Amino acid sequence: MEPEWLDIGPVDQLPALGARTLPVQGGREIAIFHTANGGIYALANQCPHKAGPLSQGIVHDTTVTCPLHNWRISLVTGEALGEDKGCVPVIPVKVDGGRILISRAAALAGVA
Amino acid sequence: MTDKPHLPLPHLVVVGNGMAGCRAVEEILARDPAKFRITIFGAEPRVNYNRIMLSPLLAGDKSFEDIVINDHAWYTDNAIDLVAGDPIVAIDRARRTVTARSGRVETYDKLLLATGSDPFIIPVPGHDLHGVVTFRDMDDVGAMLRAASAGGDAVVIGGGLLGLEAAHGLCLRGMRVTVLHLMPTLMERQLDEAAGWLLKEELERRGQAILTGADTAEIYGQGRVEGVRLKDGREIPASLIVMAVGIRPNVKLARDAGLAIGRGIHVDDHLVTSDADILAVGECVEHQGQVYGLVAPLWEMCRSLADGLVAIPNGYSGSVTSTKLKVSGIDVFSAGDFSGGEGCEDIVMRDASRGIYKRVVVKDDRLIGAVLYGDTQDGNWYFDLLRKQEDVASIRDALIFGQAFASGGGASANPNGAVAAMADDGEICGCNGISKGKVVAAIQGGACTLDAVRACTKASASCGSCTGLVEGLLAITMGEDYTGERAAPTACKCTSFTHEDVRRLIIEKSLKAIPQVMQELHWTTPDGCASCRPALNYYLLCAWPGEFVDDNQSRFVNERMHANIQKDGTYSVVPRMWGGVTNPKELRAIADVAEKYQARMVKVTGGQRLDIFGIKKEDLPSVWADLNAAGMVSGHAYAKALRTVKTCVGSEWCRFGTQDSTGLGIRIEQMTWGSFMPHKFKIAVSGCPRNCAEATIKDIGVICVDSGYELSIGGNGGIKLRGTDFLCKVATEQDALDYCAAFIQLYREEARYLDRTAPWVERVGIDYIRQRIVEDAAGRELLRARFHYSQSFMQNDPWAKRAAGEDWKLHQHLAEIRPAAALIARTLEVA
């Protein structure tokens, strides 16, 4: 049986208040974020506005600011905040024993 | 011990003589002392003691007798058979027996597993050396006390609650202690970044060395511990290493017996495992996906377990946890979820003078989390509100001030009510001793903005903690005339201070770190926003050259990556070409890089440099290495910094050229490169008034004339075209360089972050700049000297460091997912 969760590596490989990327062959790239409080979140690495690489934005609280045009995206819901409208897919993640686990089905959604 | 008469009672066997096992037995006895015949097996050769009291024991505040929960008499009085020092090694569920290490076999009717958890040992080389201990039981404390009696250095790995308590105890026992913590702030599970930072500062003041972001590579020593080596190469000598990085549920026995296991032993709401005759309680269990490492949930589980066994079943529905503790006498409290997020509202109060930080998180009018540092008096009240999920809408405005205030009637009243009720001689500003009467008089005398009140009374002009009170007085005194707007914009929505305030206070109060600025200046958000963090990072960098450690995560992506992000997520790279001059070797290197990394375009920029487009993030370090090898360094075309010095060919080639404009441009660029500024900065040097280098739309323009050099400033070819203002004319090239350095430093020290020179010059006026740079010769010299001092730290090629491997992770993917093929990532099935 295929595992439900994929282990994508230890939490400590993510800079705090930063992000790293997780390419999915045949699918869309995922951005994994690390907040100041140690929270781990994952979004599709594409701003709903002009597909900016969210992984390269500034992380503050549970928000990332897109590096292209400063849209603020919630790491929790994927929704654009403030006046902007749009939503990025959220990929369920959890941390177990210091390792990041990502929902297999959500990560592979959209893979041809 | 074993010759107790066999009563016709069902036999309850408890595996684990710790806090959970014994508490469960106590709860059962309290409900029905004659329900079971009870045998307790314990791995330690001791009676039941209070494990959370190990810290005071280590610190010397308590003795073992003080921390015993149940002495031998309790076991005897309750006819409990205690088998201490003989751990259970196997369960036979078919025959309903347990086997101890000694070979002793016991039959059970009900089996209770309370095996607790094991300290986690990081499997680094040397973890098994003599002198490496955990902090979990009496034997560990014994080992630590023996080590401490010899004095010397100790390293505690783990800056969580347990690690800090161990460090505190060892400190009190006279050891020099270094705490190594992998995460950037201490106790990150309980405290948010701000509180964690305050805790670190305070512990350091008390003599502990705290290294955060410290990743242990190995423990070294011949036979016994001699020290720790970090992954970044640092070595910390120590004769004792305490590993306190965490615990994990001890599920071995249960797993071997075939019980359902997740992270802990799976139990239902009555603490029954997948075998109806086997129960489990405490840190070894997983209930609805949760495992607990605190004592309060454990008590709740024990009550539900006893209810389920002997009384009316009363299911366990999980626990909301809180942590209230004193580390080295510092009060800290946290409860619930303080990670914030969608729909959550943070209320933050920072009282810098009393060293207090409070943060409560509200969602849908319910309190969902709280972090308190320095004053935890209201912890229980917040915890209560949180557990009962009470509606806090009516006390929302007063919530952060605590129970006394919120329930004292100040709550639903107008927030300005408290200020209105103050007597005229009541103190508003503690720093400057300003009374309410004085502030009101100033307002009535025409000071109708916060800045005006600050200017004429000094109230709120020092630490700023009374800003809210002053604003309240403005509102009360002026009524509808007070708009609440300040003349100058605040630095961002996280603060009531202007950029100028922040810059001034950073110097006055000697603030040297972003969290420190946020605490001292009463920031209203926990970790700022994408506007203020880069600004604070710049202000600190400018204020404390050579001292402030740049915060990479507070920099915009271009500065983090040392390249320009483009619309498709690739980057462009601009190597420096001094004064716009290049040569075949550099051109060849650029051509090679463009081919090798499949650049999609090479373009001449407006500043006479070559921009190589379409470079992938992963390739950046090798691109830089190749360009470095050809002698080129970063052009900082991505940075809020000096970008280019544009030149014409000047007297060397041009028939009109009056001076060596190319040479001067190169010298200015060599003096100025690497310097961070409030915004991007461009310079041009033209060799004659025909101005081929377009010097009059640059931040600094130099126009060479027969008799010297005309300097002008504040030009901008950007959105709003602006020609420069003439500053002055100087006679020599050295003067031109010195005036440029002084002007740049003035701009660096006084402009708001993201102000280019044009709006800044318009705001402060060309007369002010002339006065500072031209008329005040001594002041100019000081500015020039400060610029050069700062440059002594800044002129390092950031590309070279990255090409050499610094921050390589930033350029790499975390992992890769390849569906339907061998996964690079190790897969793990979680039930």
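On a predicted model such as this, the values are computed, not experimentally measured, just so you know. (Residues numbered from 1 in each chain as written. Chains lettered and ligands numbered in written order. Predicted model: local features only at pLDDT ≥ 70, side-chain atom pairs only at ≥ 80, totals over all residues. Heavy atoms only, no water.)

### Brief notes about the overall build of chain A
When helices and strands are tallied, chain A shows 1 helix and 9 strands. Secondary structure elements in chain A, listed N-terminal to C-terminal, are β-β-β-β-β-β-β-β-β-α. What you see for chain A is a C-alpha radius of gyration of 13 Å, in line with the 13 Å of a compact globule of 112 residues. With the C-alpha coordinates of chain A rotated into their principal frame, the extents come out at 45 × 35 × 20 Å. Evaluated residue by residue, chain A yields a buried proportion of 61% over its 112 residues. (Helix = DSSP H or I, 4+ residues; strand = E, 2+ residues; numbered from the N terminus. Rg over C-alpha atoms; globule rule 2.2 N^0.38 Å. Buried < 20%, exposed > 50% of the residue type's maximum accessible area, 1.4 Å probe, protein only.)

### Comments concerning the packing of aromatic side chains
All names here are of chain B. What the rule picks out here adds up to 11 aromatic pairs over all chains. With a centroid separation of 5.5 Å and 65° between ring planes, the pair formed by Tyr49 and Phe64 is classed as edge-to-face. Residue Tyr49 is located in strand β3 (residues 48–49), and its partner Phe64 is located in helix α3 (residues 64–67); the two are separated by 15 residues in the primary sequence. Ring centres of Tyr747 and Trp760 lie 5.5 Å apart, and the angle between their planes is 55°; on these two criteria the pair is classed as tilted. Here the residue Tyr747 occupies a position in helix α23 (residues 733–750), and Trp760 occupies one in helix α24 (residues 757–764), the gap between them amounting to 13 residues. Given the relative accessible area of 0%, Tyr747 is considered buried. Taking the ring centre of Trp544 as reference, the NZ or CZ of Lys512 above it sits at 4.3 Å. Seen from the ring of Phe676, Arg555 lies directly overhead, with NZ or CZ sitting 4.2 Å from the centre. (Phe/Tyr/Trp six-rings, centres within 6.5 Å; stacked < 30°, edge-to-face > 60°. Lys NZ or Arg CZ within 6 Å of the ring centre and 35° of its normal.)

### Description of the UniProt feature "domain: FAD/NAD(P)-binding" (unreviewed entry) in chain B
Mapped onto this numbering, the UniProt entry gives "domain: FAD/NAD(P)-binding" (unreviewed entry) at residues 11–286 of chain B. Measuring from the first to the last C-alpha atom of residues 11–286 of chain B gives 25 Å, for a span that is 26% helix and 31% strand. (UniProt positions renumbered as here; feature names shortened; annotations may be inferred.)

### Quick notes on the domain arrangement of chain B
What the domain assignment lists for chain B is domain 1 (11–118 + 249–309), domain 2 (132–245), domain 3 (329–413), domain 4 (429–543), domain 5 (557–629) and domain 6 (642–794). For domain 1 of chain B versus domain 5 of chain B, the distance between C-alpha centres works out to 65 Å. (Domains from an automatic or database assignment.)

### Here we look at the UniProt feature "domain: Nitrite/sulphite reductase 4Fe-4S" (unreviewed entry) in chain B
UniProt records the feature "domain: Nitrite/sulphite reductase 4Fe-4S" (unreviewed entry) for residues 639–776 of chain B in the present numbering. Here residues 639–776 of chain B runs as 35% helix and 22% strand, with 31 Å between its end C-alpha atoms.

### A look at helix α1 (residues 19–31) of chain B
Along its 13 residues, α1(B) runs 18 Å from first to last C-alpha, staying within 8% of the 18 Å computed at 1.5 Å per residue. Three or more residues of α1(B) are buried, namely B:Met19, B:Ala20, B:Gly21, B:Cys22, B:Ala24, B:Val25, B:Glu27, B:Ile28 and B:Leu29. (Expected span 1.5 Å × (residues − 1).)

### Quick notes on the sheet that holds strand β4 (residues 40–44) of chain A
All names here are of chain A. Read across the open sheet, the 3 strands follow the order β2-β3-β4; overall the sheet is antiparallel. Because the sheet does not close on itself, it has two edges, and the strands there are β2 (18–22) and β4. Averaged over all pairs of adjacent strands, the angle between strand axes in this sheet comes to 25°, irrespective of strand direction. Relative to β4, strand β3 (residues 30–34) runs antiparallel, the two sharing 5 bridges. In the strand pairing of β4, Ile30 is matched with Ala44. (Pairing = 2+ DSSP bridges. Axes fitted to C-alpha atoms, helices over the stretch in contact; angles between N-to-C directions.)

### Thoughts on the packing of helix α20 (residues 584–596) of chain B against helix α21 (residues 620–629) of chain B
Residues and elements named next belong to chain B. Between α20 and α21, the least distance of the axes is 9 Å, while the angle of their chain directions is 160°. When the axes of α20 and α21 are compared, the pair comes out roughly antiparallel. Both α20 and α21 take part in a crossing whose hand is right-handed. Contacts between α20 and α21 involve Lys585, Ala589, Ile590, Val593 and Lys596 from the former and Val623, Asp626, Leu627 and Ala629 from the latter. Residues of the contact of α20 with α21, tallied by class, amount to 6 nonpolar, no polar and 3 charged. (Parallel < 35°, antiparallel > 145°, perpendicular 65-115°, else oblique. Left-handed = near helix turned anticlockwise from the far one by under 90°. Contact = heavy atoms within 4.5 Å. Nonpolar A, V, L, I, M, F, W, Y, C, P; charged D, E, K, R; others polar.)

### Re the state of the cysteines
Disulfide: a covalent bond formed between the sulfur atoms of two cysteine residues. In total, this model carries 0 disulfides over all chains according to the counting rule given. No disulfide involves B:Cys529; its nearest neighbouring cysteine sulfur is the one of B:Cys532, lying 3.8 Å away. (Disulfide = S-S within 2.5 Å.)

### Structural notes on the environment of B:Ala406
All names here are of chain B. Relative to the elements of secondary structure, Ala406 occurs in helix α11 (residues 403–406). With a relative accessible area of 4%, Ala406 lands in the buried category. Between the C-alpha atoms of Ala406 and Arg396, which are 10 residues apart in sequence, the distance is 8.5 Å.

### A closer look at the pairing of strand β9 (residues 110–113) of chain B
Residues and elements named next belong to chain B. Where strand β1 (residues 11–15) lies against β9, 4 bridges are found, and the strand directions are parallel. Note on β9: the bridge partner recorded for Leu12 is Lys110. Both β9 and strand β21 (residues 278–280) contribute to a ladder of 3 bridges, which runs parallel. Following the sheet pairing, Leu111 is matched in β21 by Ile278.

### Digging into the UniProt feature "domain: Rieske" (unreviewed entry) in chain A
As annotated in UniProt, the feature "domain: Rieske" (unreviewed entry) corresponds to residues 5–102 of chain A in the numbering used here. Structurally, residues 5–102 of chain A is divided into 0% helix and 39% strand, and its ends, taken at the C-alpha atoms, are 5 Å apart.

### Regarding the sheet that holds strand β1 (residues 5–10) of chain A
Residue and element names in this part refer to chain A. Taken together, 3 strands build an open sheet; the order of strands is β1-β9-β8 and the sheet is antiparallel. Each edge of the open sheet carries a strand with a single partner, namely β1 and β8 (93–96). Averaged over neighbouring strand pairs, the angle between their axes works out to 30° when direction is ignored. Relative to strand β9 (residues 99–103), β8 is paired through 4 bridges, and the arrangement is antiparallel. Residue pairing for β9: Val93 is matched across the bridge by Ile102.

### Focus on the interface of chain A and chain B
The interface of chain A with chain B comprises 50 residues on the first partner and 52 residues on the second. In this assembly, chain A and chain B are joined by 0 salt bridges. Across the chain A-chain B interface, the total number found is 12 residue pairs in polar contact (both at pLDDT 80 or more). At the level of secondary structure, the elements contributing two or more residues to the side of chain A that touches chain B comprise β1, β2, β3, β5 (58–60), β8, β9 and α1 (104–108) of chain A. (Salt bridge = Lys/Arg side-chain N within 4 Å of Asp/Glu carboxyl O. Polar contact = N/O pair within 3.5 Å; in protein donor to acceptor, adjacent residues only side chain to side chain.)

### Some thoughts on the pairing of strand β18 (residues 240–243) of chain B
Residues and elements named next belong to chain B. Neither face of β18 is exposed, since Leu240 and Val242 on one face and Ile241 and Met243 on the opposite face are all buried. Across 3 bridges, strand β11 (residues 132–134) lies against β18 in parallel orientation. Residue Val133 lies in a different strand from β18, and its bridge partner there is Val242. Across 4 bridges, the pairing between strand β12 (residues 153–157) and β18 is parallel.

### Section: the pattern of salt bridges
Residues and elements named next belong to chain B. Within this structure, the stated rule accounts for 57 salt bridges over all chains. Across the pair Arg104 and Glu106 runs a salt bridge, and its minimum N-O distance is 3.1 Å. Asp755 serves as the salt-bridge partner of Arg763, at 2.7 Å between the closest nitrogen and oxygen. When its relative accessible area of 36% is taken as the criterion, Arg763 is described as partly exposed. The network of salt bridges with common partners includes Arg23, Glu27, Arg31 and Asp307.

### Here's the deal with the side chain of B:Glu283
Residue and element names in this part refer to chain B. With respect to the helices and strands, Glu283 occurs in the loop between β21 and β22 (285–287). On the basis of relative accessibility, which here comes to 14%, the residue Glu283 falls in the buried class. In this structure the side chain of Glu283 is engaged in a polar contact, spanning 2.5 Å, whose partner is the side chain of Ser117. If near-sequence neighbours (up to four positions away) are discounted, Glu283 is found in contact with Gly116, Ser117, Arg136, Ile247, Pro249, Tyr292 and Gly293.

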